[in-house]
Amino acid sequence: MSRELLPAESAVLALLRTRPMYGYEMARYFEGEDLREVCPIEQGSLYTYLRNLEGRALVMWREEREGLRPPRKRFALTPEGEAVVDRWLREPVERLREVRFELLVKLYVLHLVDAAAEAVLVRDQLRVCEAYRDRAAERVARTGDGFSRLVAQSKLSAAEATVAWLRDHLATLPAPAATP
């Protein structure tokens, strides 16, 4: 790939992982109650992302006609698109600020397509966030007074809240299978 996928492009791929869809169906998901607050993608942008993904051979479409209606494009993942999205869905996010968008989209889709993988991702994400929290605590401990300390404390506070949230969510999920 020439560039990394935009977060919204990954979200579009992830939604197509649930099933092939028409563009307007996808738009309803992104405008619906569940994803609107996490990943608001307007219909015009959605079609731009779909064209970009098609140009990268990650998405294909088939024209379908129902009765006298005009033909519509039904989008689906290509085998390469499926491999890309399956890898993306299982990787914890590295940056804490990506949790509010990328991780939540991943959890939404995994909850629909692979609940066991959802639990594994939450467990892996918890490890990443705990390591971030530990680094943030070390930074607070070695930072003097002033604005730098305020920033370090802010990052530590966000990390602690994220770790607690992930632990709470993990407790609601079936235990992930042991990894060899």
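Our structure is the block above this text.
Everything in this summary refers to the structure shown in the same document. (Residues numbered from 1 in each chain as written. Predicted model: local features only at pLDDT ≥ 70, side-chain atom pairs only at ≥ 80, totals over all residues. Heavy atoms only, no water.)

### A short note on the nonpolar core
For clarity, the cut-off: Think of a nonpolar core as a cluster: buried Ala, Val, Leu, Ile, Met, Phe, Trp, Tyr and Cys residues, connected wherever their side-chain atoms sit within 4.5 Å. Using a 1.4 Å probe on the protein chains alone, a residue whose accessible area is under 20% of its type maximum counts as buried, one over 50% counts as exposed, and one in between counts as partly exposed. Each helix is a run of H or I in the DSSP string that is no shorter than four residues. Each strand is a run of E no shorter than two, and both are numbered from the N terminus. It only takes one pair of heavy atoms within 4.5 Å for two residues to be counted as in contact.
Of all hydrophobic cores here, the largest spans 47 residues; its most connected members are Val12, Leu13, Phe30 and Ile41. Sorting the residues of this core by element identifies α1 (7-18), α2 (23-31), α4 (43-55), β3 (72-77), α5 (79-90), α6 (99-113), α7 (115-142) and α8 (147-172) as the ones contributing at least two each. Not counting residues within four places of it along the chain, the set of residues in contact with leucine 13 comprises Leu5, Leu53, Leu58, Val59, Leu77, Val84 and Val85.

### Here we look at α1
Helical geometry note: an α-helix holds 3.6 residues per turn, so side chains three or four residues apart project in the same direction. Selection criterion: Any helix carries an expected span of 1.5 Å times its number of residues minus one.
Over its 12 residues, α1 runs 17 Å from end to end, which matches the ideal 16 Å to within 8%, given 1.5 Å per residue. Counting buried positions along α1 gives nine out of 12 residues, so the element sits mostly inside the fold. Of the positions making up α1, those classed as buried are Ala8, Glu9, Ser10, Ala11, Val12, Leu13, Ala14, Leu15 and Leu16.

### Describing the packing of aromatic side chains
Short version of the rule: In this analysis, rings of Phe, Tyr and Trp, with Trp reduced to its six-membered ring, are considered paired at centre separations within 6.5 Å, and the interplanar angle assigns stacked below 30 degrees, edge-to-face beyond 60, and tilted for intermediate values. For a ring to carry a charge above it, either NZ of a lysine or CZ of an arginine must fall within 6 Å of the ring centroid while also lying within 35 degrees of the normal to the ring plane.
For the structure on display, the rule yields one aromatic pair. Sitting over the ring of tyrosine 22, arginine 74 keeps its end group 5.1 Å from the ring centre. The ring of tryptophan 88 has lysine 106 lying over it, and the distance from NZ or CZ to the ring centre is 4.7 Å.

### Re the pattern of salt bridges
Heads up, the condition is: Salt bridge, as used here: a side-chain nitrogen of Lys or Arg that lies within 4 Å of a carboxyl oxygen of Asp or Glu.
Per the counting criterion, the structure on display carries 12 salt bridges. In this structure, arginine 17 and aspartate 86 form a salt bridge, with 2.7 Å as the shortest nitrogen-oxygen distance. Placement of the pair is arginine 17 in helix α1 and aspartate 86 in helix α5, with a sequence separation of 69 residues. Via salt bridges that share partners, Arg62, Glu64 and Arg74 belong to a single interconnected network.

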